[in-house]
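Letter by letter, the chains look like this.
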Amino acid sequence: MAGTVLRRIARAATVLLLGGFGIVASALPAHAASLTKVSSFGSNPGALNMYSYRPDGLPSGAPLVVALHGCTQSASDYFTNAGWQKYADLWKFALVFAEQTSSNNSSKCFNWFQTGDTTRGQGEALSIKQMVDYAISNYGSDPKRVYVTGLSAGGAMTAVMLATYPDVFTGGSVVAGVPYRCATDLSSATNCQYNAQNKTPQQWGDLVRNAYPGYSGPWPRVAIWYGTSDTTVVPANATELRDQWTNVWGISQTASSTQSLPGSTTLSNYNDSTGRTAVQLYSIQGIAHGQPVDPGTADSQCGTTGTYYLKSICAAYYSAKFWGLDGSSGGGGGGSLPAPTGLTVTGTTTSSVSLSWNAVSGASGYYVYRDGSRITSSAVSGTGYTDSGLASGTTYSYAVSAVDSSGVEGARSGTVSATTGGTAYQCYTDNNYNQVLYGRAHQSMGYVYANGSNDYMGLYNVYETHTLKQTGTNYYVLADGQC
């Protein structure tokens, strides 16, 4: 009894101490994901900094996105403004931000034009690859779903990573960047930024193929973004990037299809021999040099406008969709297997969902995804799967992808939804007085506790508000920020 009283006093004191800053201690979530510096991740020959962001509830086997900032920027700046955090939280994937230092480059640009930093197994390129290795080992990231994106010098470094480590990255998104090995020193870098280069698609493609001699695929799927009014990295670079990567894929430089998107954006798709898009080119009419963002609350909106963050369209959203990070059929690995068809829910119980799908020729197994995250640690051998241990009265979304004999994942199927049987328990947000009044909590000695779990909720008054989630008959748990 004495220990209980002391704990209550300590909690009340904490509320008072933090109250002066507008914070109620008992309302703080148990864990809040944040951008965190990783002090040691390998030999780090490029002397870069590594930061990571792991959203709450990140499952093992989730995708990984590596993000590279532009000149004069930082990891924190790019994390805060580019919009990637929103989709990491929404679709559950890890983020790694590589950061340049002023001791490496006075303008904090990645050294995309220095051969010692753009060669496989050397310099900054190797440092970024080691960040990926660290995330796979320590965060459980899926090694077959690793992607890279970046702005300006970060975009140019994105092209470097795709060329030097095509066996590591399944896809990339180059924003206002330049082709791989467009320059090999500072003088040629300036020429590359401001002028079109006299190279054929074959010559551009050879530069990538020579970055990892002997490698023959699968190649990353690449999105290319540019503003038509960019005078810092002229639009010719986007065309050359398109020529480079369509040539690497062995496909035409003529678009398979085009479509209009928000922000005066035209998307051109370049499909491979199976009809799957391998290269995308986003042309944004009228914007200059910067990361395309579109502040707002809709799913397709993201980011914050500012220096080098230009209101137009959310590049993070469309890049993530292109890679299939939302669980759509556009996703999957870099392999050539098509998406499975005929995905069907064959049965449900209060705690399980059973699925079936049509076999894919050449597949040795299949991955199953629930709500955009892979739930099978190894490939399923048959064309059916039962997902168990689920909450009752809950709706889930499923997709599947085929895997070939070498472990390379193909395109992901469309999604189907299934609802488990039983009662769907609700969440209730209200002040402590009303939580007690409506029978979801009880009070003792002026303090409030959730019925069933006895989770501590603070003082018995109308000023302190919490969310309770019902998980059983007259059983509630504290769920602030979780519903």
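To be clear, the structure that these remarks concern was listed above.
Quick caveat, the model's predicted, so the values are computed rather than measured.

S.K.: Mind showing me how you'd approach the sheet that holds strand β25 (residues 465–472) here?
M.R.: Within a beta sheet, neighbouring strands are joined by backbone hydrogen bonds and run either parallel or antiparallel to one another. Spatial strand order, β21-β25-β26: three strands in an open sheet with antiparallel pairing. This sheet does not close on itself; its edge strands, each paired only once, are β21 (427–431) and β26 (475–478). Averaged over all pairs of adjacent strands, the angle between their axes in this sheet comes to 35°, without regard to strand direction.

S.K.: Would you take a moment to explain the packing of helix α4 (residues 123–139) against helix α5 (residues 153–164) for this structure?
M.R.: Packed helices, taken two at a time, are described by the angle between their axes plus the distance between the axes. At a minimum axis distance of 10 Å, the contact between α4 and α5 shows a crossing angle of 75°. Taken together, α4 and α5 sit at an angle that is classed as roughly perpendicular. Seen from α4, the contacting residues are Glu124, Ala125, Ile128 and Lys129; seen from α5, they are Met157, Val160, Met161 and Thr164. Looking at the contact of α4 with α5, its residues break down into five nonpolar, one polar and two charged.

S.K.: Explain the sheet that holds strand β4 (residues 94–99) here, please?
M.R.: The mixed open sheet is built from ten strands, whose spatial order is β1-β2-β4-β3-β5-β6-β7-β10-β9-β8. Two strands bound the open sheet, and with one partner strand each, they are β1 (36–38) and β8 (257–261). The mean inter-strand angle of the sheet, taken between neighbouring strand axes irrespective of direction, is 20°. In the sheet, strand β6 (residues 171–175) pairs with strand β7 (residues 221–227) via five bridges, with the strands oriented parallel. Paired with glycine 172 across the bridge in β7 is valine 222. Those strands touched by helix α9 (residues 315–323) are β3 (64–68), β5 (146–151), β6, β7, β8 and β10 (277–284), and its axis lies near 160° from that of β7.

S.K.: Explain the pattern of salt bridges here, please?
M.R.: Once the charged atoms of two side chains with opposite charge are near each other, the side chains can pair. Under the defined criterion, the tally for this structure stands at ten salt bridges. The shortest N-O distance in the salt bridge between aspartate 294 and lysine 311 comes to 3.0 Å. Remark: lysine 311 occurs in strand β12 (residues 309–311) and aspartate 294 occurs in the loop between β11 (291–293) and β12; sequence separation between them is 17 residues. Where salt bridges share partners, they join Asp142, Arg145 and Arg374 into one cluster.

S.K.: Just to check I follow, could you spell out the packing of aromatic side chains for this structure?
M.R.: We describe a pair of aromatic rings using the distance from one ring centre to the other and the angle between the two ring planes. One pass over the full model with this rule turns up 21 aromatic pairs. Between tyrosine 78 and tyrosine 309 the ring centres are 6.5 Å apart and the planes differ by 35°, which places this aromatic pair in the tilted class. Of the two residues, tyrosine 78 is situated in helix α2 (residues 75–81) and tyrosine 309 in strand β12; the sequence distance between them amounts to 231 residues. Here tyrosine 78 matches tyrosine 309 in class, with each residue buried. Positioned over the ring face of tryptophan 204 is lysine 199, at 5.1 Å from the centre of the ring.

S.K.: What exactly am I supposed to notice about unusual backbone geometry here?
M.R.: Trans peptide bonds make up most of the peptide bonds, and negative phi angles are found at most residues other than glycine. At the junction of glycine 217 and proline 218, the peptide bond is cis and its omega measures out at 5° in the coordinates. Note that proline 218 resides in the loop between α7 (201–209) and β7. Even without glycine at this site, arginine 181 takes up a positive phi of about 60°. Mapped onto the secondary structure, arginine 181 falls in the loop between β6 and α6 (186–194).

The rules we used
- Residues numbered from 1 in each chain as written.
- Predicted model: local features only at pLDDT ≥ 70, side-chain atom pairs only at ≥ 80, totals over all residues.
- Heavy atoms only, no water.
- Pairing = 2+ DSSP bridges.
- Helix = DSSP H or I, 4+ residues; strand = E, 2+ residues; numbered from the N terminus.
- Axes fitted to C-alpha atoms, helices over the stretch in contact; angles between N-to-C directions.
- Parallel < 35°, antiparallel > 145°, perpendicular 65-115°, else oblique.
- Contact = heavy atoms within 4.5 Å.
- Nonpolar A, V, L, I, M, F, W, Y, C, P; charged D, E, K, R; others polar.
- Salt bridge = Lys/Arg side-chain N within 4 Å of Asp/Glu carboxyl O.
- Phe/Tyr/Trp six-rings, centres within 6.5 Å; stacked < 30°, edge-to-face > 60°.
- Buried < 20%, exposed > 50% of the residue type's maximum accessible area, 1.4 Å probe, protein only.
- Lys NZ or Arg CZ within 6 Å of the ring centre and 35° of its normal.

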